[in-house]
Amino acid sequence: MEKKELVEEHIGRIFFYEGQESIIYNYVDDDGEDVLLKRFRDVRRDGVTLEEVSKNKEKKLEILTSLNIKEFVPVKDALFKDGMLVGYTMPKINGVQFDPDTKKKNKIEYLNKVRNIMLRLNNQGIYMGDITRSNFIFTPDGNAVCLDIDNYRIIKENVMLDFDIENGEVDRFRRRCNNYLLVDNYNYNILVVCVMGNIAEGHLNLFAKNDFPLIMYTPHNRSVYEELQFIDNDYSGELFELELKRKNS
């Protein structure tokens, strides 16, 4: 990752607008390459200014890009304005988000892939927090690409860089459980319920009707589901187990 100055004249059309703390633009970098620019908002919708979080993001990007983790979206240039990080560029990747309107087999393959990535990152002291479909894309050959890495939490020796913004589930976890090392376990389990139960992500009344997806029933999974409903400081972080039933040969 190189550090360069943002060139306002090189910013093109908006590619994606709905990010809580950023807007994605088309951008022509100093090499003349057509890339994407993730530009942070000067002021987020919750009133937090870029000045408050820019240095935290800069430190995180320096650490994460140095690890050469294959699933991370490649960061080409960190862009600065008046000495402050205001965004970064990424290559345009041929990929799509996971479509939950698919077979059980495909859902399980997707969720297991996310689970494996999450556990490997956690073992390195990296926590995603916002584990939702929109933060992963998959290339035509099936490889996963993790987006929004600038919002990850990093906990390493002498380093603690926190999330810059919390989605509803991360906030709920923080208020109910003080074991912050299990935040990804909780959010991954929420993703499982949404995908397997065809429930919209971010649904605030996820457990209101106790709609446990029968498609994934086992005694273990039922126990995990019940723990999610009443999360507190005794939360164990047990993960759902998803396997396809083998046909008798």
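Whatever comes next refers back to the structure up there.
Keep in mind that what you see is a predicted model, and the values were worked out from it rather than measured.

Reading the values: the criteria
- Residues numbered from 1 in each chain as written.
- Predicted model: local features only at pLDDT ≥ 70, side-chain atom pairs only at ≥ 80, totals over all residues.
- Heavy atoms only, no water.
- Core = buried A, V, L, I, M, F, W, Y, C linked by side-chain atoms within 4.5 Å.
- Buried < 20%, exposed > 50% of the residue type's maximum accessible area, 1.4 Å probe, protein only.
- Helix = DSSP H or I, 4+ residues; strand = E, 2+ residues; numbered from the N terminus.
- Contact = heavy atoms within 4.5 Å.
- Pairing = 2+ DSSP bridges.
- Expected span 1.5 Å × (residues − 1).
- Phe/Tyr/Trp six-rings, centres within 6.5 Å; stacked < 30°, edge-to-face > 60°.
- Lys, Arg positive; Asp, Glu negative; His and termini not counted.
- Salt bridge = Lys/Arg side-chain N within 4 Å of Asp/Glu carboxyl O.
- Axes fitted to C-alpha atoms, helices over the stretch in contact; angles between N-to-C directions.
- Polar contact = N/O pair within 3.5 Å; in protein donor to acceptor, adjacent residues only side chain to side chain.

Chemist: So what about the nonpolar core? Which residues, and what values?
Modeler: Core analysis: the biggest nonpolar cluster contains 72 residues, and Phe-72, Tyr-110, Leu-111, Ile-149, Tyr-152, Tyr-188 and Phe-240 have the highest contact counts within it. Looking at this core, the element that brings in the most residues is helix α4 (residues 183–196), giving ten residues. Residues contacting Phe-72, with those up to four places away along its chain left out, are Leu-64, Leu-121, Ile-126, Val-145, Cys-146, Ile-149 and Tyr-152.

Chemist: Provide a residue-level description of the pairing of strand β2 (residues 11–16), including the pertinent values.
Modeler: Of the pairings in the sheet, the one linking β2 to strand β3 (residues 22–28) comprises three bridges and is antiparallel in character. When the bridges of β3 are listed, Phe-16 appears paired with Ile-24. A loop of five residues connects β2 with β3, the two strands running antiparallel in sequence.

Chemist: An account of unusual backbone geometry is requested, with residue identities and associated values reported.
Modeler: Even without being a glycine, Asp-82 presents a positive backbone phi close to 55°. One non-glycine residue, Asn-198, lies in positive phi territory at about 55°. With respect to the secondary-structure elements, Asn-198 resides in the loop between α4 and α5 (219–229).

Chemist: Explain α4 to me, using residue names and the numbers behind them.
Modeler: Its 14 residues place the ends of α4 20 Å apart at the C-alpha level, agreeing with the 20 Å of an ideal helix rising 1.5 Å per residue. Summarising burial for α4: 14 of the 14 residues are buried, a large majority. Looking at the residues trailing α4, positive phi occurs at Asn-198, about 55°.

Chemist: I'd love a proper account of the packing of aromatic side chains, names of residues and values included.
Modeler: This structure, assessed with the given rule, holds nine aromatic pairs. Note on Phe-173 and Tyr-186: the rings are 5.6 Å apart at their centroids and 40° apart in plane angle, and the pair reads as tilted. With a gap of 13 residues between them, Phe-173 in helix α3 (residues 168–176) and Tyr-186 in helix α4 connect regions that are remote in the sequence. Summarising the burial analysis for this pair, Phe-173 and Tyr-186 share the class buried. Centroid distance Phe-212 to Tyr-225: 5.1 Å. Interplanar angle 70°. Geometry classified as edge-to-face. Here Tyr-225 lies in helix α5 and Phe-212 lies in the loop between α4 and α5, a separation of 13 residues in the sequence. Here Phe-212 matches Tyr-225 in class, with each residue buried.

Chemist: I'd love a proper account of the side chain of Lys-107, names of residues and values included.
Modeler: Relative to the elements of secondary structure, Lys-107 occurs in helix α2 (residues 104–123). It is Asp-101 that comes nearest to the buried, bridge-free Lys-107 among opposite-charge side chains, at 6.8 Å. Once residues within four sequence positions are removed from consideration, Lys-107 is found in contact with Phe-98, Pro-100, Thr-102, Val-195, Met-196 and Asn-198.

Chemist: Could you give an account of the sheet that holds strand β1 (residues 2–5), with specific residues and numbers?
Modeler: With mixed pairing, the six strands of this open sheet are ordered in space as β1-β5-β6-β4-β3-β2. Looking at the sheet topology across the chains shown, the edges are occupied by β1 and β2. Taking the axes of each pair of neighbouring strands and ignoring which way they run, one obtains an average angle of 35° across the sheet. For strand β4 (residues 34–40) and strand β6 (residues 84–90), the ladder comprises four bridges, and the chain directions are antiparallel. Following the sheet pairing, Leu-36 is matched in β6 by Met-90.

Chemist: So what's going on with the environment of Ile-108? Residues and values would help.
Modeler: When you line up the elements, Ile-108 lands in helix α2. On the basis of relative accessibility, which here comes to 5%, the residue Ile-108 falls in the buried class.

Chemist: Can you lay out the pairing of β6 for me, pointing to particular residues and giving the numbers?
Modeler: For a regular strand, side chains alternate in direction, first toward one face of the sheet and then toward the other. Within β6, six of the seven residues are buried, leaving the element largely enclosed by the surrounding structure. Summarising the sheet, strand β5 (residues 77–81) and β6 pair through four bridges and their orientation is antiparallel. Note on β6: the bridge partner recorded for Leu-79 is Gly-87. Linking β5 back to β6 in an antiparallel pair, the connection comprises two residues, with Asp-82 at a positive phi of about 55°.

Chemist: Explain the environment of Asn-198 residue by residue, including any values.
Modeler: Owing to a relative accessible area of 58%, Asn-198 belongs among the exposed residues under this scheme. Placed 98 residues apart in sequence, Asn-198 and Pro-100 show a C-alpha to C-alpha distance of 7.1 Å. In contact with Asn-198, not counting residues within four places along its chain, are Pro-100, Lys-107 and Val-193. At a separation of 2.8 Å, a polar atom in the side chain of Asn-198 contacts the side chain of Lys-107.

Spatial relationships are all this shows, so hold off on functional conclusions.
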